[in-house]
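Reading the structure
Chain by chain, the residues:
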Amino acid sequence: NAGVTQTPKFQVLKTGQSMTLQCAQDMNHNSMYWYRQDPGMGLRLIYYSASEGTTDKGEVPNGYNVSRLNKREFSLRLESAAPSQTSVYFCASGRDRGPYEQYFGPGTRLTVT
Amino acid sequence: GENVEQHPSTLSVQEGDSAVIKCTYSDSASNYFPWYKQELGKGPQLIIDIRSNVGEKKDQRIAVTLNKTAKHFSLHITETQPEDSAVYFCAASIGAAGFGNEKLTFGTGTRLTIIP
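The present account deals with the structure reproduced in this document. (Residues numbered from 1 in each chain as written. Chains lettered and ligands numbered in written order. Predicted model: local features only at pLDDT ≥ 70, side-chain atom pairs only at ≥ 80, totals over all residues. Heavy atoms only, no water.)

Side note on the overall build of chain A
- In terms of helices and strands, chain A carries zero helices and 11 strands.
- Along chain A, from the amino end to the carboxyl end, the secondary structure elements read β-β-β-β-β-β-β-β-β-β-β.
- In terms of C-alpha radius of gyration, chain A reaches 13 Å, essentially the compact-globule figure of 13 Å for 113 residues.
- Counting the 113 residues in chain A, one finds 48% classified as buried.
- Once local pairs closer than 6 in sequence are excluded, the contacts in chain A between residues at least 24 apart make up 55%.
- As displayed, chain A offers around 5,200 Å² of accessible surface, 48% of which is attributable to carbon and sulfur atoms. (Helix = DSSP H or I, 4+ residues; strand = E, 2+ residues; numbered from the N terminus. Rg over C-alpha atoms; globule rule 2.2 N^0.38 Å. Buried < 20%, exposed > 50% of the residue type's maximum accessible area, 1.4 Å probe, protein only. Contact = heavy atoms within 4.5 Å. Areas by Shrake-Rupley, 256 points an atom, 1.4 Å probe, with all protein chains shown as cover.)

Structure, rendered in C-alpha cells:
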C-alpha cells in the first residue's frame, strides 16, 4: 500500500503560469481533501470531495479548482499562479464512516516567483 | 466558522520530562478532536484523537484531555524522547455523527524540541 501519493514534490512557477497538482490514494477512501500549509497558520482546507463526483469549497478556495477524476484521484489546479500561492500543499483522504482519521500525502512544495 | 487556537507555538523540554500542548475551540458543536504529528519533510500523521463524549484518552506515553464546558483540550506527552521532536497540530471538527468525512479546522501548530 502506497497510501496517499502526490506529484510533483517540488515546483517553481512564474506568476501567471498554470499547473496541476496530482493526488492519488489506494485505500479505497471516499473522502479526499486539499490543504495548504503556511508558516504560523497551520493547515487550511482549500477544497474537499466527500465522494466521487462531488466537490465543495473549504476555507481558502479562491484561485484554485479541483477535479475528482475517479475514486482514487483528486487533482488541484492553479489557473494563474500568484506569489500568495507559494505554500506547501497536502492532499489527504479518509473513510466516510468513522474513525474519522485523515491520511496525508508527503506534500508538494510550490514556489511562485 | 470554527476557530482553533493552539499554545505554545514552540516548546523545549528536557528528555524524560513531560510536555503539554493546549488548544481552545470556539464552536460548542465540535465533537471530534484529533492531534497530528508532523515530522520534517513529511505529511501530518494522526497520533491520538478524542470524541466529545469522552473526557480523557490515553495511548502509552500520550494522553489527550477534553473539557467541553471550557472548550479546550490538551495533549500530554510523558517521558519524552528525542523522536518526539516534531510539530504537533490540534484540530476540531463539527462532523455529523456517524460520518467520517469531517472538515477539520487546525490549530497553528507547536514545534516541540526534546533536549537530550
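Quick word on the overall build of chain B
- The helix and strand inventory of chain B stands at zero helices and 11 strands.
- Going residue by residue from the N terminus, the α and β elements of chain B occur as β-β-β-β-β-β-β-β-β-β-β.
- Along the first, second and third principal axes, the C-alpha set of chain B runs to 45 × 30 × 20 Å.
- Within the span of chain B, comprising 116 residues, buried residues form 46% of the whole.
- Contacts in chain B between residues at least 24 apart in sequence constitute 54% of all its contacts with a sequence separation of at least 6.
- When the accessible surface of chain B is split by element, carbon and sulfur atoms take 48% of a total near 5,700 Å².

Topic: the environment of Tyr100 of chain A
- Mapping Tyr100 of chain A onto the fold places it in the loop between β9 (87-94) and β10 (102-104).
- Expressed as a C-alpha distance, the spacing of Tyr100 of chain A and Arg68 of chain A, which sit 32 residues apart in the sequence, is 20 Å.

Here's the deal with the environment of Gly94 of chain A
- Its place among the elements puts Gly94 of chain A in strand β9.
- Taking the C-alpha atoms as reference points, Gly94 of chain A and Asp26 of chain A, 68 residues apart in sequence, are found 11 Å from one another.

Structural notes on the sheet that holds strand β1 (residues 4-7) of chain B
Residues and elements named next belong to chain B.
- Judged by pairing direction, the sheet is antiparallel, and its five strands sit side by side in the order β1-β3-β8-β7-β6 without closing on themselves. Each edge of the open sheet is held by one strand with a lone partner, namely β1 and β6 (56-59). Going from strand to strand, the sheet's axes swing by 15° on average, the running direction of each strand aside.
- Pairing of strand β7 (residues 62-67) with strand β8 (residues 72-77) involves six bridges; the strand directions are antiparallel. Note that in β8 the partner of Asn67 across the bridge is His72. (Pairing = 2+ DSSP bridges. Axes fitted to C-alpha atoms, helices over the stretch in contact; angles between N-to-C directions.)

These results come straight from atomic positions and should not be treated as a statement about function.
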